[in-house]
Amino acid sequence: MSEALVAVEAAGADIAAPAASGARQFWRRLRAQRAALVAAAVVALLVLVALAAPLLTAIEGQDPTTYHPGLIDSARGGVPVGPLGGISAEHWLGVEPQTGRDLFARLVEGARVSLGVAFTATLIQVLIGVVIGVAAAMGSRWIDQLLSRVTDIIVALPLMIMALALLAIVPASFPRPVLVALVIGLIAWGNVAKIVRAQTLTLKGLDYVAAARLSGWGAVRVARRELLPGLAAPVITYAALLVPTNISAEAALSFLGVGVKPPTPSWGQMITAADVWYQAAPQYLLFPAGALFTTVLALTVLGDGVRTALDPRAASRLRIGTGRARKEGAA
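Here the structure is a predicted model, which is why all the values come from computation and not from measurement.

Draft legend 1. A look at the overall build of the protein. Summing up its helical and strand segments, the protein has 13 helices and four strands in all. In the protein, buried positions account for 45% of the 331 residues. Contacts in the protein between residues far apart in sequence, at least 24 positions, make up 70% of those at least 6 positions apart. On the protein, roughly 16000 Å² of surface is accessible, and the fraction owed to carbon and sulfur atoms is 68%.

Draft legend 2. Region of the structure containing the environment of Leu 285. Mapped onto the elements, Leu 285 comes out in helix 12 (residues 283–310). Leu 285 sits 18 residues away from Trp 267 along the chain, and the two C-alpha atoms are 9.7 Å apart. When residues no more than four places from it in sequence are discounted, the contact partners of Leu 285 are Ile 271, Ala 274 and Tyr 278.

Draft legend 3. Representation of the pattern of salt bridges. Under the criterion given, the structure shown has six salt bridges. Note that Asp 152 and Arg 149 form a salt bridge whose closest N and O atoms lie 3.0 Å from each other. Taken together, the residues span about one helical turn, with Asp 152 and Arg 149 both in helix 5 (residues 141–156) at a distance of three residues. Residue class for Arg 149 comes out partly exposed when judged on its relative accessible area of 42%. Through salt bridges with shared partners, a single network forms among Glu 96, Arg 101 and Arg 106.

Draft legend 4. Local environment of the side chain of Gln 283. On the secondary structure map, Gln 283 appears in helix 12. Overall, the relative accessible area of 10% leaves Gln 283 in the buried class. If near-sequence neighbours (up to four positions away) are discounted, Gln 283 is found in contact with Pro 80, Leu 84, Gly 85, Leu 93, Val 95, Leu 103 and Pro 288.

Draft legend 5. Quick look at a nonpolar patch on the surface. Residues Phe 174, Val 178, Leu 182 and Leu 186 make up a contiguous nonpolar surface patch of roughly 320 Å² in combined accessible area. In this fold, Phe 174 is placed in the loop between helix 6 (159–169) and helix 7 (176–187).

Draft legend 6. Focus on the packing of helix 4 (residues 103–138) against helix 10 (residues 219–255). Contact geometry of helix 4 with helix 10 gives a least axis separation of 8 Å together with a crossing angle of 145 degrees. Between helix 4 and helix 10 lies a crossing whose hand is right-handed. Along the lines of polarity and charge, the residues of the contact of helix 4 with helix 10 split into 20 nonpolar, four polar and one charged.

Draft legend 7. Fine view of the confidence of the model for the protein. Summarising the model, the protein shows a mean pLDDT of 82, and 87% of its residues fall at 70 or more. Every residue in residues 1–20 scores below 50 in pLDDT, and together they form 41 contacts with partners more than four places removed in sequence or on other chains.

Draft legend 8. Highlighting unusual backbone geometry. Phi angles above zero are rare outside glycine, and Gln 98 is one such case at about 70 degrees. Its location among the elements puts Gln 98 in the loop between strand 4 (79–80) and helix 4. Classification of Gln 98 as exposed rests on a relative accessible area of 52%.

The rules behind the values
- Once a new chain begins, its residue numbering starts again from 1 and follows that chain's sequence as written.
- In keeping with the model being predicted, local features are shown solely for residues with a pLDDT of at least 70 and side-chain atom pairs are shown and tallied solely at 80 or more, while totals for entire chains, interfaces and linings include all residues.
- The side-chain numbers reported here are obtained from all heavy atoms of the structure, hydrogens and water having been left aside.
- Put simply, DSSP H or I for four residues or longer makes a helix, DSSP E for two residues or longer makes a strand, and each gets a number counted from the N terminus.
- Accessibility here uses a 1.4 Å probe with only protein chains present; expressed as a share of the type maximum, an area under 20% marks a residue as buried, one over 50% as exposed, and anything in between as partly exposed.
- The contact criterion used is simple: two residues touch if any of their non-hydrogen atoms lie within 4.5 Å.
- For accessible areas, the Shrake-Rupley method is used with a probe of radius 1.4 Å. Any residue's cover is judged against the shown protein chains and nothing else.
- Whenever Lys or Arg places a side-chain nitrogen within 4 Å of a carboxyl oxygen from Asp or Glu, that contact is recorded as a salt bridge.
- Each patch is built from residues that are more than 30% exposed by relative accessible area and take part in no salt bridge. Like charges join if they lie within 9 Å; nonpolar side chains (Val, Leu, Ile, Met, Phe, Trp, Tyr) join within 5 Å.
- Note on geometry: axes are C-alpha line fits, over the in-contact stretch for helices, and angles between N-to-C directions span 0 to 180 degrees.
- What makes a crossing left-handed is the near helix being turned counterclockwise from the far one by less than a right angle; a clockwise turn instead makes it right-handed.
- Under the grouping applied here, Gly and all other residues not named as nonpolar or charged are polar, the nonpolar ones being Ala, Val, Leu, Ile, Met, Phe, Trp, Tyr, Cys and Pro and the charged ones Asp, Glu, Lys and Arg.
- Scored between 0 and 100, pLDDT is the confidence that the predictor attaches to each residue.

This is the structure we're talking about:
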């Protein structure tokens, strides 16, 4: 079988194996979607900010944990001194109420935590889901039944309740960002496994996969050489849509007080602490909430753009910036 390009009709979608021509078509379709390109630029900028957080805080001359009691008005309950929450040349976004900690430093450091947790959890979900899904589809009937029932149980588990229970009993000494990523990743992989199993069963019946199995290849080699390339499109698409979901889950857990613990900043934790300050110091709520909203929106639009580029027959669910892409797909 030629590994240059493998096109498979499955569930009304074209699944293309990674190849030079397929990659060019993907990038051409993605570039035709203006909204997806803007979203990709926003995501790249956010990731760059998260990676460069120590450099950015060093340029500003602040850090996320130092208190500045002289910058808050104790007589008014800890409201920052000065206009717009204490914005100045030394504190680019002002300071926190009550503590006086630099808001810009906490915001960019919080990006490292929130994005790091989301991407790590997504990676764990994809790895477990792909292994379980392929094993269920390639295994014997009883293995398929066993793994499918386990997957059904995982899908039925309420993520927030299970995460609350697990995070509440783990010792506080365990690194909280790592723990949150592990909990989300280990609880929420069920849908990935279901998608991978369904696609693998479709690919399993194709001639080139059957020929590989009849030639004596083992299940692991067949999965690695013949199945994984065909699974790339649906897995990448779903992973792109999982990241914003995981960002929201981390923010919700931090908001409920069982996620990332102070003094480590995260966007969800900052929103939690700002719930009583939205009138006296609105910037303390607006900045982390705006960053979280922008990130989730950009990743959602990008994920939809990737899905549409990988499957040109499917119209964008968002229907923004995709007019040219739909015309090219129809052509």
